Amino acid sequence: MSIGALFGIVLIGSIGTHAQFPLSEEGRVRNFLLNQANYSSRNRPVFNSNDRVEVTLEFSLYAMIDLNEKDEFITTASWCIVAWNDPRLRWDPKEYDGVDLVIMYTDEIWTPKILLSNSVSPESVGVISPDRGSVLLTSNGSVNIGLALIVSTYCRISIRFFPFDYQVCHFSFIPDNQFTSQVSLTLRETVYQPPIDTNEWSLVNVSEYNSNVLVLNYLDNRPKLNISTGTLCIRFKRDPRYYLLLLVLPSVLLSLLAFVTFRAPTDSGERISLGVSMVLGLTVFQLVVLDTLPAASKDPPILGKFLQINFALTCLAVPLSVANINIAYGDNKLPMMKWAWARRMFLETLPRSLELPTYKERVRKKSTSDSRPMCRVSDEAAAMQPSTQAVEGAPGRNQVQRISTISTGTVYEELSSSEKAKLEARTVALVLDRLVHGLFLVAFTSLLVGMSVALLQNPGASSIECPSI
C-alpha cells in the first residue's frame, strides 16, 4: 500500500472520531448575523449613505478617586452605556426558539469611535475598545454596550478662593472623524449613585450639554467640519474646616503671640527671645503650608496672600522691638526731645491717653525713691531756730529752704541731667511700645477683615462656565 493511501485512511479516521456538538439557538443567531453576504463591521449600520446613525451615551459617575490640583486632572470611576440601532443585525425570534437577546463582542460588529477629548491618559482616549465590556444585541437591532471606565481627564483648577472654592470638571465626548451628517452623538440625562463625595469634596450639581461644533480639518485643509459633541460638567465644593483648623487658626495664634512682645517690659531679657521664637515657629509653619496649599502661579489663593503678609508682620515685630530697647537704654539723648511739641506729646499727652505714667510722675517717683531721711530735732529746737536767726539778721533764701527741709525731716536730691534723659527715653520707649502694639493689632485686624471680604466675593459654582472642547 502506498504512503498516500495510508495518509488518507488516517485522515478519514481522525475526522470521523471528532464529535459534532449541536449548535444552540443563540449560536445560530450569531452565525446568521455575522455570515450575511454584505455585512461588514467596517461599514456604518445604514442602508442609505445619506442616513445618519443616532448614538446615545449615558454617563453615570459613581466615585471620584482623586483630584490632582497641582497637575490639574481628575480621576473618576464611572459607568458608561452607549446605545444605537443597527438594522442589519435583526432577526425573527420565532425562527430561533424565541431567542430575543444575544451577546456579541465589540470587534465583531460596527461600533462608533467615540473619543474622550480631554483625557490625559492615552489608554482612556477611546471610550469603546475590544477589552472593555460586551455588546447586548436585541432582535430589533438595538445595540447596547456597558463600559466600566476609570479615566483621568484634564480639569482646570482655580484656587483663588481656597479653601472655600468650587471646581468644575468636564468630560467631552466626540465621534472620531465622523461628521454630524454621519453620526450624531447625544449625551442623555444620567443617574448618579448617591454618594460620590469624598472627605474633602462634595458634589454640588451635574449638567449635560449637547451641541455641534466646528473643528478644523487637518487632513486636506478644507473648511471646518461640523461634529456633534456631548459635554458633561461636574461641580464640586471643598470642605474648608480642615484647612481653617490647621492653617488659619495656628497662624493667627502665632502672630498674636508675636505681638504680645510689645507688652513685655523693655528691661525683660526674654523679649527678643520670644519674638525670634515666634518667627522661627512661623517659618516652620510655612513649610507645612507649602505642602498643603495647592500649587498655582497664575491665580494665587487669597489665603496664601494672607499668610505671607501675616508672616511679614510677625518678622517686622522683632526689629521694632530691638529699636525700642535701643531707645530705652541708649546712651545718647533723643534728638526729637529738643522740640517743645515733641516733649509735650511723648512725655505728657500720649502717656495720659494710653494710661501710662508721665515724665513728671516718673521724676517725682524717682526723687522720692532716692531721698534720704535726716535726724529729727526736737520741737523746741525747731521753734527756736527762727528766733535766733531773727536776732542775727534776716535769713537768706538757702537758709529758709534748709529750715523748711529740716522741719519736714527729709532732704530731696536733685536728679542729674543724665538721669532725666534716661527717664525721658524710657517714657518715650514705653509710649512707642503701646503705639506699635496698637498699630500691629489694627493692621492684623484689617488683614483678617480684608481676607474675609475677599472670600465672601466667591461667586459660587453656578457662575463657573463649563469648558468646551
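Structural data are supplied above this passage.
The notes below deal with the structure included here. Just so it is clear, the model here is predicted, and its values are computed rather than measured.

To continue, consider the pattern of salt bridges. When charged atoms on two side chains of opposite charge get close, those side chains can pair. Tallying each qualifying case throughout the model produces 10 salt bridges. Linking Arg28 and Glu25 is a salt bridge whose minimum nitrogen-to-oxygen distance equals 2.4 Å. Here Arg28 and its partner Glu25 are both found in helix 2 (residues 25–34), three residues apart, which amounts to about one turn of the helix. When its relative accessible area of 25% is taken as the criterion, Glu25 is described as partly exposed. Linking Arg238 and Glu200 is a salt bridge whose minimum nitrogen-to-oxygen distance equals 2.5 Å. Note that Arg238 is positioned in strand 10 (residues 225–238) and Glu200 in the loop between strand 8 (183–187) and strand 9 (201–215), a separation of 38 residues in sequence.

Judged by pairing direction, the sheet is mixed, and its six strands sit side by side in the order 3-5-6-2-1-8 without closing on themselves. Sheet topology places strand 3 (101–104) and strand 8 at the edges, where each strand pairs with a single neighbour. Geometrically, the sheet is characterised by an average inter-axis angle of 25° between neighbouring strands, direction not taken into account. Across 11 bridges, the pairing between strand 1 (residues 53–68) and strand 2 (residues 73–85) is antiparallel. Within the sheet, the bridge partner assigned to Thr56 lies in strand 2 and is Ala83. Most of the contacts of helix 2 go to strand 3, to which it runs at about 65°, and overall it touches strand 3 and strand 5 (135–138).

Of the two faces of strand 5, only the one carrying Val135 and Leu137 is buried; Leu136 and Thr138 on the other face are not. As paired strands, strand 3 and strand 5 are joined by four bridges and run antiparallel to one another. If you follow Leu101 over to strand 5, its bridge partner there is Thr138. With antiparallel pairing between neighbouring strands as the criterion, strand 5 and strand 6 (residues 142–154) make up a hairpin whose turn holds three residues, including Gly141 at a positive phi of roughly 90°.

Okay, the environment of Val168 next. Along the polypeptide, Val168 turns up in strand 7 (residues 166–175). In this structure the C-alpha to C-alpha distance between Val168 and Lys237, which are 69 residues apart in sequence, comes to 9.1 Å.

The tally for this structure, following the rule as stated, stands at one disulfide. Disulfide pairing places Cys155 opposite Cys169 at an S-S distance of 2.0 Å. Taking the sign of the torsion about the S-S bond as the criterion, the disulfide between Cys155 and Cys169, at about -75°, is left-handed. Taken together, the positions of Cys155 in the loop between strand 6 and strand 7 and Cys169 in strand 7 put the pair 14 residues apart, joining distant regions of the chain.

Moving on: the pairing of strand 1. Here strand 1 runs beside strand 8; their pairing, made up of five bridges, is parallel. Residue pairing in the sheet places Leu57 in a bridge with Leu187 of strand 8. Where strand 1 folds back onto strand 2 in an antiparallel hairpin, the turn is made up of four residues, including Glu72, whose phi is positive at roughly 60°.

Here we take up unusual backbone geometry. That bond from Phe162 to Pro163 is cis: its omega, 0°, falls within 30 degrees of zero. Relative to the helices and strands, Pro163 resides in the loop between strand 6 and strand 7. The residue Glu72 is not glycine, and still its phi comes out positive at about 60°. Following the sequence through the fold, Glu72 ends up in the loop between strand 1 and strand 2. Even without glycine at this site, Asp97 takes up a positive phi of about 55°. Residue placement: Asp97 occurs in the loop between strand 2 and strand 3.

About the criteria used
- Residues numbered from 1 in each chain as written.
- Predicted model: local features only at pLDDT ≥ 70, side-chain atom pairs only at ≥ 80, totals over all residues.
- Heavy atoms only, no water.
- Salt bridge = Lys/Arg side-chain N within 4 Å of Asp/Glu carboxyl O.
- Helix = DSSP H or I, 4+ residues; strand = E, 2+ residues; numbered from the N terminus.
- Buried < 20%, exposed > 50% of the residue type's maximum accessible area, 1.4 Å probe, protein only.
- Pairing = 2+ DSSP bridges.
- Axes fitted to C-alpha atoms, helices over the stretch in contact; angles between N-to-C directions.
- Contact = heavy atoms within 4.5 Å.
- Disulfide = S-S within 2.5 Å.

Honestly, it's all geometry; don't read function into it.
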